[in-house]
Amino acid sequence: MRKIHTESAMGDGMRNIVELVRQHNSDTALNHTAGASTSYSSLHPEPTNNPLYEDHVRSSIDECSLELDHEPTLSKRSLIEEKVPEVSRVRWGSRLMFILSAMGAAVGLGNIWRFPYLVYTHGGGVFLLPYVGALALFGLPLLLLEFSLGQQTQKAAMQALCAVHPRAGGVGFASALGAYFMSIYYSVLISWTWLFLFRSFEDPLPWKGSISDAEAFFYREMLGSCFPASSCTLGTSGKTSLQFGPTMANALNWFMTFVCVSRGAKSIGPASLVLMPMPFAMLGILFLRALALEGAGTGIGFYLTPDFSALADPHLWVNALSQIFFSLSLAVGAMIAREGG
């Protein structure tokens, strides 16, 4: 198609040059021929046989073709990008806010609960060998890739992947959908935490006693279910009902989440400065308290003593690799959005 347009443009340029040549010959003939008919000379100019003039015409045609060959073309995408103004994104107030926000997205139950459980289940400290290997080979490269994608496109996950390829937008949508479902069940867990926090000021504690007492409190107060199962009537075993306390705690949690994310980086950054150090401080206090308990050294030794025979278990390698995604919050669009903001 471009070739056809180029040839057409070259043809028009040649005709214009020929017309100029004829007009010049016509003017020359009028100036040097006395008594000649002006109408005949202007309508039927005689062509010139001057070789210099022919070279001038030929060079003009070559210049015209070169300009047409190097003429820039505007694609539909470039026209759209020129018409759509660039939307300025909110930036992080400081590097510390960005780091704490990224840590808040990465640190969760996958680190606090799942990781110690996997270490204990798969041979103690030997689990760290495949975990560190998977972290170096897969975790950090994927993390840097998400950071680079967000920084290059300055967009959220779905828009950033669409910029890479339109069909990759489905991957971004799937990651956003997965993050949405994760937020739902995390909100329920945090609502339970609120209730345990409020009830912990009671004396005596409602769940004080044996393990069965704690289970009974959870099933009855949190889930609204009968416990133990032997006390349930026919057809009510396993059924739960809507509880006022957890529902209000869940509503409070969603309200606080909205306040923290309503202004993007402007609200998430300051909230991270307050909310991120708190879990580390509480975990540090719990760790020091655990060290002061009787038999703490025996428990830590049993927990971290390596059992190298566990390396032959394929589940250890699968769990070590999957734990990387929990530890760094990969493939959910969180890191792309933070670097893009």
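This is a predicted model, so every value here is computed, not measured.

What counts and what doesn't
- Residues numbered from 1 in each chain as written.
- Predicted model: local features only at pLDDT ≥ 70, side-chain atom pairs only at ≥ 80, totals over all residues.
- Heavy atoms only, no water.
- Phe/Tyr/Trp six-rings, centres within 6.5 Å; stacked < 30°, edge-to-face > 60°.
- Buried < 20%, exposed > 50% of the residue type's maximum accessible area, 1.4 Å probe, protein only.
- Helix = DSSP H or I, 4+ residues; strand = E, 2+ residues; numbered from the N terminus.
- Contact = heavy atoms within 4.5 Å.
- Core = buried A, V, L, I, M, F, W, Y, C linked by side-chain atoms within 4.5 Å.
- Salt bridge = Lys/Arg side-chain N within 4 Å of Asp/Glu carboxyl O.
- Expected span 1.5 Å × (residues − 1).
- Axes fitted to C-alpha atoms, helices over the stretch in contact; angles between N-to-C directions.
- Parallel < 35°, antiparallel > 145°, perpendicular 65-115°, else oblique.
- Nonpolar A, V, L, I, M, F, W, Y, C, P; charged D, E, K, R; others polar.
- Polar contact = N/O pair within 3.5 Å; in protein donor to acceptor, adjacent residues only side chain to side chain.
- pLDDT = per-residue confidence, 0-100.
- Patch = residues over 30% accessible without salt bridge, like charges linked within 9 Å, V, L, I, M, F, W, Y side chains within 5 Å.
- Areas by Shrake-Rupley, 256 points an atom, 1.4 Å probe, with all protein chains shown as cover.

**Q** What is the right way to read the packing of aromatic side chains from this model?
**A** Each aromatic ring pair is summarised here by two numbers: the centre-to-centre distance and the angle between the ring planes. Counted according to the given criterion, the structure contains 13 aromatic pairs. Ring centres 6.2 Å apart and planes at 25 degrees place the aromatic pair phenylalanine 127 and tyrosine 131 in the stacked group. Here the aromatic cluster, defined as three or more aromatic residues joined through ring pairs, consists of Phe115, Phe127 and Tyr131.

**Q** What is the right way to look at helix H12 (residues 265–275) in this model?
**A** Spacing of three or four residues puts side chains on the same side of an α-helix, whose turn is 3.6 residues. Along H12, the residues classified as buried are Ala265, Ser267, Gly269, Ala271 and Ser272. Along its buried surface, H12 packs onto helix H5 (95–106), helix H11 (244–261) and helix H13 (277–291).

**Q** Help me understand the nonpolar core, please; the structure alone is not making it clear to me.
**A** Here is a general trend for soluble globular proteins: nonpolar side chains tend to be buried in one another's company. Ranked by internal contacts, the top residues of the largest apolar core, which has 21 residues, are Trp92, Phe127, Leu143, Phe147, Ile324, Leu330 and Met335. For this core, the secondary structure elements donating two or more residues are H5, helix H6 (109–121), helix H7 (128–153) and helix H15 (314–328).

**Q** I'm lost on the pattern of salt bridges in this one. Help?
**A** Two side chains with opposite charge may pair up if their charged atoms get near one another. What the rule picks out here adds up to two salt bridges. Of the charged contacts in the structure, one is a salt bridge between arginine 199 and glutamate 202, with a shortest N-O distance of 2.5 Å. Look at arginine 199 and you get partly exposed, because its relative accessible area is 25%. Accessibility expressed as a relative area gives 34% for glutamate 202, which makes it partly exposed. Here glutamate 221 and arginine 199 are joined by a salt bridge, their closest N and O atoms 3.8 Å apart. Remark: arginine 199 occurs in helix H9 (residues 169–199) and glutamate 221 occurs in helix H10 (residues 211–222); sequence separation between them is 22 residues.

**Q** When you look at H5 in this model, what are you seeing that I'm missing?
**A** End to end, H5 covers 17 Å across 12 residues, agreeing with the expected 16 Å (1.5 Å per residue, within 8%). Within H5, burial applies to Met97, Phe98, Leu100, Ser101, Ala102 and Ala106.

**Q** Looking at this structure, I do not really get the packing of H11 against H12. What am I missing?
**A** How two helices sit against one another is set out by the angle between their axes and by the gap between those axes. Their axes nearest at 7 Å, the elements H11 and H12 cross at an angle of 120 degrees. By the angle between their axes, H11 is oblique relative to H12. In contact with Val259, Cys260 and Val261 of H11, H12 contributes Ser267, Ile268, Ala271 and Leu275. The class makeup of the residues in the contact of H11 with H12 is six nonpolar, one polar and no charged.

**Q** Which parts of the structure should I look at to understand the environment of leucine 145?
**A** Considering the arrangement of structural elements, one finds leucine 145 in helix H7. The spacing of leucine 145 and methionine 335 is 190 residues in sequence and 9.5 Å in space, taken between C-alpha atoms.

**Q** Quick question: what am I supposed to make of the side chain of asparagine 253 here?
**A** Counting through the fold element by element, asparagine 253 comes out in helix H11. In this structure the side chain of asparagine 253 is engaged in a polar contact, spanning 2.8 Å, whose partner is the side chain of serine 187. Leaving out residues up to four positions away in the same chain, asparagine 253 has contacts with Ser187, Ile190 and Trp194.

**Q** Any chance you could explain the confidence of the model for the chain here in plain terms?
**A** Any segment with low pLDDT has predicted coordinates that should not be analysed in fine detail. Residues with a pLDDT of 70 or more make up 69% of the chain, whose mean pLDDT is 75. Across the chain, the secondary-structure element scoring lowest on mean pLDDT is helix H2 (residues 38–43), at 43, and the one scoring highest is H7, at 91. Below pLDDT 50 for its whole length, residues 1–10 participates in nine contacts with residues either more than four positions away or in separate chains. The low-confidence segment residues 29–48 (pLDDT under 50) makes 13 contacts with residues lying over four places distant or belonging to another chain.

**Q** Hey, could you run me through a nonpolar patch on the surface in this one?
**A** Together, Ile99, Met103, Val107, Leu109, Ile112, Trp113, Tyr117, Phe280, Leu283 and Leu286 make up an exposed nonpolar region whose accessible area comes to about 930 Å². Counting residues per element, the ones that place at least two in the nonpolar patch are H5, H6 and H13. Here the element with the most residues in the nonpolar patch is H6; it accounts for four residues. Topologically, tyrosine 117 is positioned in helix H6. For tyrosine 117, a relative accessible area of 46% puts it in the partly exposed group.

**Q** Could you clarify how one ought to interpret the environment of proline 306 in this entry?
**A** Here proline 306 is to be found in the loop between helix H14 (296–304) and H15. The class of proline 306 is partly exposed, set by a relative accessible area of 40%. Put simply, proline 306 and valine 119 are 187 residues apart on the chain and 9.5 Å apart in space, counted from C-alpha to C-alpha. The residues contacting proline 306, other than those within four sequence positions of it, are Gly123, Gly125 and Val126.

**Q** Any chance you could explain unusual backbone geometry here in plain terms?
**A** A negative phi holds for most residues other than glycine; trans holds for most peptide bonds. Following aspartate 203, the chain continues into proline 204 via a peptide bond in cis, with omega recorded as 5 degrees. Along the chain, proline 204 falls in the loop between H9 and H10. The phi torsion at serine 329 lies on the positive side, around 55 degrees, for a residue other than glycine. Checked against the element boundaries, serine 329 lands in the loop between H15 and helix H16 (334–340). Despite not being glycine, alanine 331 has its phi angle at roughly 65 degrees, a positive value. With respect to the secondary-structure elements, alanine 331 resides in the loop between H15 and H16.

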